[in-house]
Amino acid sequence: MTSYIDKVSGFINTYYIDPILHDEGYNIVNTLTWAIILGLCIFAVVKLLKKLDIQADNRFIASIVPFVLAGSSMRVLEDAEVIQQPFSLLLITPIIYFVVFFITLGCLIAAKELSKKWAGGNMETIFASMGFVWFLLNISVLFSTQKVVLPMILIYILSLGIFITLFVYFIAKKIHFGILTDRLNISILGAHMLDASSTFIGVDMLGYYEKHVLPSYLIDLTGTAFVMYPLKLAIFIPVLYIIDNNFNEDEESRNLKTFVKMVILVLGLSPACRNTIRMFFGV
């Protein structure tokens, strides 16, 4: 019995606890686990938004972006060792996702209530403003504690990501592939092209390394992080096609579809922002 408990304890420590405590990145076991948890959370949050009478539309998705910037910049505070243990453990993936989620949820509920009390108050505007203030606070701390090392990195990553996104968009328009001319869909692809650009520049040019299992394997296999571009295009174009051709039965299904798209956008934009801010400060 003791041996069995030791084995289970060792398994949990090896695949879950140690990667968090030592910020070692991902392995196949914890990657699959976090993916399952994410899927369950998506359904739970969709139900929560319905209960709060909040529509998951394009305007709501836009209001989430400042919180992505805030969460990403808060993660860099841990990278830069501005926050010390034990509090820094709250800012390591995947724990930080829960921290950011609950802060965002609190702001969302507050924005909803404030919009009721202020005549003409727009919930999304109030909500986005809260996220932007949070982001500014994080950036202010980084500027006060870190030196700017690569000021042009923002332009490099944005230029490369936008160029490839526009290239895909114009090809899709020319061949009348409507999936990739939809504003939200091309924004999702753009977020992931920014992530690919930050990884490519960080790994190939600045000596950073990739922590995720599949990208890390492919980068080692090909010898370049440029592989992130075809990898993301090969994954997300079919995913967007499948999503757009399903979940259309009723309003609840359409809300679920929009929310899933929002999650996919966040999964691309969040690491893109974190990587860019890290390189900007040379962390």
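Our structure is the block above this text.
Predicted model, so just to flag it, every value in this text is computed and none were measured. (Residues numbered from 1 in each chain as written. Predicted model: local features only at pLDDT ≥ 70, side-chain atom pairs only at ≥ 80, totals over all residues. Heavy atoms only, no water.)

Novice: So what exactly am I meant to see when it comes to the overall build of the chain here?
Specialist: Secondary structure assignment for the chain yields ten helices and zero strands. Over its C-alpha trace the chain gives a radius of gyration of 20 Å, about what one expects of a compact globule, namely 19 Å for 283 residues. By element, 69% of the accessible surface of the chain is carried by carbon and sulfur atoms, the whole surface being about 15500 Å². Charge separation in the chain, taken as the distance between the mean sites of 20 positive and 21 negative side-chain charges, equals 7 Å. (Helix = DSSP H or I, 4+ residues; strand = E, 2+ residues; numbered from the N terminus. Rg over C-alpha atoms; globule rule 2.2 N^0.38 Å. Areas by Shrake-Rupley, 256 points an atom, 1.4 Å probe, with all protein chains shown as cover. Lys, Arg positive; Asp, Glu negative; His and termini not counted. Charge placed at Lys NZ, Arg CZ, Asp CG, Glu CD.)

Novice: Looking at this structure, how should I read helix α8 (residues 213-222)?
Specialist: Each full turn of the α-helix corresponds to 3.6 residues, which orients residues three or four apart in the same direction. Along α8, the residues classified as buried are Pro215, Leu218 and Ile219. Take α8 and look down its axis: the buried residues cluster within an arc of 100°, on one side only. Looking at α8, the residues exposed on the side facing more than 90 degrees away from the buried face are Tyr217, Asp220 and Leu221. Tucked inside the fold, the buried residues of α8 contact α7 (183-206) and α9 (228-244). The positive-phi residue at the C-terminal boundary of α8 is Gly223, with phi of around 80°. (Buried < 20%, exposed > 50% of the residue type's maximum accessible area, 1.4 Å probe, protein only. Arc of directions from axis to C-beta. Contact = heavy atoms within 4.5 Å.)

Novice: In this structure, what is going on with the pattern of salt bridges? I would like to understand it.
Specialist: Side-chain pairing between opposite charges can occur once the charged atoms of the two side chains come close. Under the criterion given, the structure shown has eight salt bridges. In this structure, Lys232 and Asp195 form a salt bridge, with 3.0 Å as the shortest nitrogen-oxygen distance. In this pair, Lys232 sits in helix α9 while Asp195 sits in helix α7, placing the two residues 37 residues apart along the sequence. Each member of the pair, Lys232 as well as Asp195, carries the same accessibility label: buried. Here the salt bridges do not stand alone but share partners, grouping Arg75, Glu78, Asp79, Arg274 and Arg278 into one network. (Salt bridge = Lys/Arg side-chain N within 4 Å of Asp/Glu carboxyl O.)

Novice: Before we go on, may I ask you to explain the side chain of Glu124 in this structure?
Specialist: By the secondary structure assignment, Glu124 is in helix α5 (residues 123-145). Taking relative accessible area as the criterion, Glu124 reaches 15% and is therefore assigned buried. Each residue touching Glu124, except ones within four places of it in the same chain, is listed here: Arg59, Phe60 and Ser63.

Novice: Explanation requested: the packing of α9 against helix α10 (residues 251-281) in the structure shown.
Specialist: For any two helices packed against each other, one specifies the crossing angle of their axes together with the interaxial distance. One can describe the packing of α9 onto α10 by two numbers: an axis separation of 10 Å at closest approach and a directional angle of 165°. It follows that α9 is roughly antiparallel to α10 by the angle criterion. Both α9 and α10 take part in a crossing whose hand is left-handed. Contacts between α9 and α10 pair Phe236, Val239, Ile243 and Asp244 from the former with Lys257, Val260, Lys261 and Ile264 from the latter. Of the residues contributing to the contact of α9 with α10, the split by class is five nonpolar, no polar and three charged. (Axes fitted to C-alpha atoms, helices over the stretch in contact; angles between N-to-C directions. Parallel < 35°, antiparallel > 145°, perpendicular 65-115°, else oblique. Left-handed = near helix turned anticlockwise from the far one by under 90°. Nonpolar A, V, L, I, M, F, W, Y, C, P; charged D, E, K, R; others polar.)

Novice: Help me understand α9, please; the structure alone is not making it clear to me.
Specialist: An ideal rise of 1.5 Å per residue puts 24 Å on 17 residues; α9 measures up with 24 Å between its terminal C-alpha atoms. The set of residues buried in α9 consists of Met228, Tyr229, Leu231, Lys232, Phe236, Leu240, Ile243 and Asp244. Down the axis of α9, the buried set is contained in an arc of 150°. They therefore lie on one face. Residues of α9 that are exposed and point over 90 degrees away from its buried face: Ala234 and Ile242. Summarising the contacts, the buried residues of α9 are in contact with α6 (153-174), α7, α8 and α10. (Expected span 1.5 Å × (residues − 1).)

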